[in-house]
Amino acid sequence: MVQSSQRELRAVNPDWTIAELMSHIAKALASTGPALSFSPTNFSTVPEGIAIVVSTTGSSGATKAVGLSATALLSSARASNKFLSAEAGSTWSLLLPLNHIAGINVLIRAMEVGTEPINLIGHTGVYPRVDFTAIVPTQLFKALNGDSDLLDHLKSAKTVLIGGAALSPTLHMQAVDAGINVVITYGMTETSGGCVYNGTPLEGVDIHITPERHIAIKGSTLASTYLGAESLWETSLHDGWFTAADLGRIENDKLVIEGRSDDVFISGGENLSLGAIESALHKHFPHKHFAAFALDDARWGQALHIAMAGEGFPAPTDVTEYLAEHLGAAAKPKGFLELAEFPLIGIGKIDRTLLKKLLGEAPN
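Residues numbered from 1 in each chain as written. Predicted model: local features only at pLDDT ≥ 70, side-chain atom pairs only at ≥ 80, totals over all residues. Heavy atoms only, no water.

Trainee: Any chance you could break down helix H4 (residues 137-144) for me, citing the residues and the numbers?
Mentor: Taken together, the buried positions of H4 are occupied by Pro137, Gln139, Leu140, Phe141 and Ala143. Backbone geometry just after H4 places Gly146 at a positive phi near 125°. (Buried < 20%, exposed > 50% of the residue type's maximum accessible area, 1.4 Å probe, protein only. Helix = DSSP H or I, 4+ residues; strand = E, 2+ residues; numbered from the N terminus.)

Trainee: Could you give an account of the pairing of strand E22 (residues 301-309), naming the residues involved and the relevant values?
Mentor: In terms of residue burial, E22 counts as a mostly covered element, since seven of its nine residues are buried. Relative to E22, strand E21 (residues 289-297) runs antiparallel, the two being bridged by nine bridges. Paired with Ala292 across the strands is Ile306, a residue of E22. Of the strand pairs in this sheet, E22 and strand E23 (residues 335-339) are connected by five bridges, and their pairing is parallel. Considered in E23, the bridge of Ala309 is made with Leu339. As for the winding sense of the linkage, the β-α-β connection from E22 through helix H9 (residues 316-327) to E23 is right-handed. (Pairing = 2+ DSSP bridges. Right-handed = clockwise from strand over helix to strand, strands pointing away.)

Trainee: Which residues make up the packing of helix H2 (residues 70-84) against helix H3 (residues 101-112), and what are the values?
Mentor: Put simply, H2 and H3 touch, their axes get as near as 9 Å, and they point 70° apart. Between H2 and H3, the angle is such that the two are roughly perpendicular. Here Leu73, Leu74, Ser76, Ala77, Arg78, Ser80 and Asn81 of H2 lie close against H3, whose contacting residues are Ile101, Asn105, Ile108, Arg109 and Glu112. The residue makeup of the contact of H2 with H3, split by class, is five nonpolar, four polar and three charged. (Axes fitted to C-alpha atoms, helices over the stretch in contact; angles between N-to-C directions. Parallel < 35°, antiparallel > 145°, perpendicular 65-115°, else oblique. Contact = heavy atoms within 4.5 Å. Nonpolar A, V, L, I, M, F, W, Y, C, P; charged D, E, K, R; others polar.)

Trainee: Give a detailed account of H2, specifying residues and quantitative values.
Mentor: In this model H2 runs 21 Å from its N-terminal to its C-terminal C-alpha over 15 residues, within 8% of the 21 Å that 1.5 Å per residue would give. The set of residues buried in H2 consists of Ala70, Ala72, Leu73, Leu74, Ser75, Ser76, Ala77, Ala79, Ser80, Asn81 and Leu84. Taken from the residues just after H2, Ser85 is the one with a positive phi, measuring 60°. (Expected span 1.5 Å × (residues − 1).)

Trainee: Describe the pairing of strand E17 (residues 241-251), with residues and values.
Mentor: In summary, the side chains of a regular strand alternate between the two faces of the sheet. When strand E14 (residues 214-219) meets E17, the two strands line up antiparallel, connected through three bridges. Along E17, the bridge assignment pairs His214 with Leu247. When strand E16 (residues 237-238) meets E17, the two strands line up antiparallel, connected through two bridges. Paired with His238 across the two strands is Trp241, which belongs to E17. The antiparallel hairpin formed by E16 and E17 contains two residues in its connecting segment, where Asp239 sits at a positive phi of about 55°. Inspection of the sheet shows E17 paired to strand E18 (residues 254-260) by six bridges, in the antiparallel sense. What sits directly across from Leu247, in E18, is Gly259. Linking E17 to E18, which pair antiparallel, is a turn of two residues; within it Asn252 sits at a positive phi near 55°.

Trainee: Can you explain the pattern of salt bridges? Please cite residues and give values.
Mentor: This model, assessed by the stated rule, comprises ten salt bridges. Here Arg352 makes a salt bridge to Glu278, at a shortest N to O gap of 2.8 Å. Of this pair, Arg352 sits in helix H10 (residues 352-361) while Glu278 sits in helix H8 (residues 274-284), and the two are 74 residues apart along the sequence. By sharing partners, the salt bridges in this structure join Arg213, Arg249, Glu251 and Glu258 into a single network. (Salt bridge = Lys/Arg side-chain N within 4 Å of Asp/Glu carboxyl O.)

Trainee: Kindly report on the environment of His208, identifying the contributing residues and their values.
Mentor: Relative to the helices and strands, His208 is located in strand E13 (residues 205-209). Ignoring any residue separated from it by four or fewer positions in sequence, one finds His208 in contact with His214, Ile215, Ala216 and Trp241.

Trainee: Explain the sheet that holds strand E10 (residues 182-188) to me, using residue names and the numbers behind them.
Mentor: Taken together, the seven strands give an open sheet; going across it, the order is E7-E6-E8-E9-E10-E11-E12, and neighbouring strands pair in mixed fashion. Since the sheet does not close on itself, it has two edges, and those belong to strand E7 (118-119) and strand E12 (200-201), each with one partner. Pairing of strand E6 (residues 92-94) with strand E8 (residues 132-135) involves two bridges; the strand directions are parallel. Residue pairing in the sheet places Ser93 in a bridge with Thr133 of E8. Of the strands in this sheet, E6, E8, strand E9 (159-162) and strand E11 (193-197) are in contact with H3, which crosses E6 at around 150°.

Geometric values such as these leave the question of function open.
Shown next, in the form of structure tokens:
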């Protein structure tokens, strides 16, 4: 939709305090101040209906500037607070970066209940108690594997939202066993962040599964456009439904995420899913971190490689034997990469493109 009326777009100042930032966000949402960009951009103005601009990078590595309206952002915050039974005076902690929609949402949710979130980014030592917080699976893994202060913080909260990347069933069960009240969220920048909680769409959100098994989303939390790539945004919409790259199904009236349509590769004539490989490994080696990626290969077409992060790696032979037994001979990795930690793109999403580069640079 063409919008001729424009408003100023101002970059967020990294030196602003949380209180100052929230004041600017409130003005952007009320259209009494400029729209805000949370990432570097070449744009100085945006259509009048856009309040906040957030960049998102998909697995392809292509960066898109997502324009979000006040209606979408406030609808998301209010629906989230309603689902969580958050009320006036409820407290939030900020554990996610503010150049991502998940971090911005924490501020707006707190704003809606009249509080200011406690900024705990980079915090060490004992954490204060809050009612709610939001994290990614890598932070949960850290809490359950040595960071007792963070673990106590999560356990003391009424609810902990976890999103940004797939949460393995094993890690989920470990969190529940530890006494953390987990709500798994699904969404993306284009939907103002998480819009499906524990498989149930938030108020004002509808979902359906396309014939190609893609997840389609419609409702009040949808973004307005991609800045500078408006035609790309329009092609993602079909009768008002935004079609995600993720595959899913409805089971017992709940959305089940099956993975991304672009994580399937062919090795030796067999179709393999990177997500399925990672899920299998995390289930069998619950305290280890794995990432699967594929490289072009003259013999296999594409060859599976496994990256492992942390310390105390399982033997490559054990990984190979397990995958071959459970996913077939085609799932035998052709190479391994051992790292102290995974490179990330976005929050909690592993940068598979950089893994390929690091494998090429690794000593033989």
